[in-house]
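Notes for the structure review
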Amino acid sequence: MPSTVSTYPSRFATAEAVARIAAASRRTQQPQSKGDLVSLAMGEPDFDTPQQVTEAADASLRAGRTHYSPLLGEPELREALAEKLRGIAGAPVSAADVLITQGGTAGLAASILSIVDPGDKVVVPDPTYSLYADLVSMAGGIVVPVPLAPDLHWDLERLADALDGAKLFVFCNPGNPTGIVHSRAELDALADLLDGTSTIVISDEAYSDLDYTDRPFTSAISLDGLRDRTVYCQTFSKSYAMTGWRVGYLWGPAPLIQAAARIHNTFNGSVNTFIQDAALVAVRTCDADIARMRAAYEERGAIMRAGLAEIPGLTLSASEGAFYQFPRYDLDLPAVEVVAALRTHGVAVRPGSEFGARGEGHLRLSYAASPESISEGVRRLAYGLSVLQ
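Residues numbered from 1 in each chain as written. Predicted model: local features only at pLDDT ≥ 70, side-chain atom pairs only at ≥ 80, totals over all residues. Heavy atoms only, no water.

Some words on the confidence of the model for the protein
Summary statistics for the protein give a mean pLDDT of 94 and a share of 95% for residues scoring 70 or more. Low pLDDT, under 50, characterises residues 1-7; the predicted model gives this stretch zero contacts beyond four residues in sequence or across chains. (pLDDT = per-residue confidence, 0-100. Contact = heavy atoms within 4.5 Å.)

And the structure:
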């Protein structure tokens, strides 16, 4: 029987959105540590989810909590999150404006797709988390990357120029891949730049509990000049070591959350009921667990920086938050080639170019790994870079 596989491309056509994402996307799938490969590539806590959270999910399942949840999320969880957000925002927060999402990824997707029309200008820092550009491209928007300053914070002069006429500005704080934390002064400056405009802000604060600076963390929603234009995007993945649970949430101005809910409900539906029950326990009981994991990351970051500081040709980034180092290397090679070569020496890291054109010449290393893996991975990195010299 003759094969018809070769005729499929001409017979079937996919949506233009697929081609737009493929053209824009820099995202790559990186491996976990296994065999003789040490991975410092994964932005995923290596801690298990706190036991009381797992037990809550088990108890919920045994209690028959296996039916559909309300589309916006379980009322008790939404109220608990509203209470938490009141403390962060320093302002009234209604549970009616909290949307439970299928992880932070679905929250970002729902918010961006509910805001961006084809041709809309969307500003993002460069480098930054690569999902933002993919989603903007999916919606048909125009991504405008703004190079960061040499210290990997915003270049406010360039940002001011780029924000002129922008529909949306998307950023993460603390930063992925840079590991920097935007200060209150920077956020105040952003508020001043946007004053009198209709530009919307999405503040992805997935790593907000992992701030190692000596100043209090400043959320965008705590500023009067940003709160009324900002969609706050959060996830349980990082703070609570719940990556595989796929639960997050949005909060912001009611019309924006209602629009995001329309998108999320259309292609995601409601989040699993028993997972929301577990998330409620996390919100109520895991402060000590967060503090324990944060302290461990800070120690692991110190181990990584000490090792990297001994490698000739690397310029380290400031380690202010999240669990990333973003060193610059002095080799005249593209980051993807450096990463490929390092894989042959048994260590996986991410190319800085995955996060934007200005990430070229950098590597992103995660210290959300065991101290042993960090030490061994940095040793292999040092050897691999020496071979490439």
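What about the state of the cysteines?
A complete count under the given rule lists zero disulfides for this structure. Left without a disulfide partner, Cys 233 is nearest to the cysteine sulfur of Cys 172, which lies 11 Å away. Assessed through its relative accessible area of 1%, Cys 233 is described here as buried. Not engaged in a disulfide, the cysteine Cys 286 finds its nearest cysteine sulfur in Cys 233; these two sulfurs lie 20 Å apart. (Disulfide = S-S within 2.5 Å. Buried < 20%, exposed > 50% of the residue type's maximum accessible area, 1.4 Å probe, protein only.)

Some words on empty space enclosed by the protein
Following the criterion strictly, the structure yields two cavities of 30 Å³ or more and no others. Approximately 90 Å³ is the volume attributed to the largest cavity. Around the largest cavity sit 14 residues that line it, and Pro 127, Thr 128, Cys 172, Thr 178 and His 182 are the ones nearest its centre. Here the residues of the lining of the largest cavity are counted per class, giving nine nonpolar, five polar and no charged. Of the pockets and cavities examined, the second largest cavity occupies roughly 30 Å³. Surrounding the second largest cavity, Pro 125, Val 146, Pro 147, Leu 148, Trp 154, Asp 155 and Leu 159 form its lining. (1 Å grid on protein atoms, 1.4 Å probe; cavity = no way out; pocket = protein on both sides within 12 Å on 5 of 7 lines; lining within 4 Å. Points joined across faces, edges and corners; volume = space filled by probe spheres on them. Nonpolar A, V, L, I, M, F, W, Y, C, P; charged D, E, K, R; others polar.)

Some words on the pattern of salt bridges
Under the definition given, this model contains 14 salt bridges. Across the pair Arg 86 and Glu 79 runs a salt bridge whose closest N-O atoms are separated by 3.0 Å. Overall, the relative accessible area of 35% leaves Glu 79 in the partly exposed class. Asp 289 serves as the salt-bridge partner of Arg 292, at 3.2 Å between the closest nitrogen and oxygen. In this pair, Arg 292 and Asp 289 are both assigned in helix α12 (residues 287-308), three residues apart and thus about one turn of the helix distant. Each member of the salt-bridge network shares a partner with another, and the members are Asp 36, Glu 376, Arg 379 and Arg 380. (Salt bridge = Lys/Arg side-chain N within 4 Å of Asp/Glu carboxyl O. Helix = DSSP H or I, 4+ residues; strand = E, 2+ residues; numbered from the N terminus.)

Let's talk about the pairing of strand β7 (residues 230-235)
With six of six residues buried, β7 lies mostly within the body of the structure. Residues Thr 230, Tyr 232 and Gln 234 point to one face of β7 and Val 231, Cys 233 and Thr 235 to the other, with burial holding for every one of them. Pairing geometry for strand β6 (residues 200-204) and β7, over four bridges, is parallel. What sits directly across from Asp 204, in β7, is Cys 233. Bridge analysis of β7 against strand β8 (residues 248-251) gives four bridges, and the strand direction is antiparallel. Within β8, the residue paired with Gln 234 across the bridge is Tyr 249. (Pairing = 2+ DSSP bridges.)

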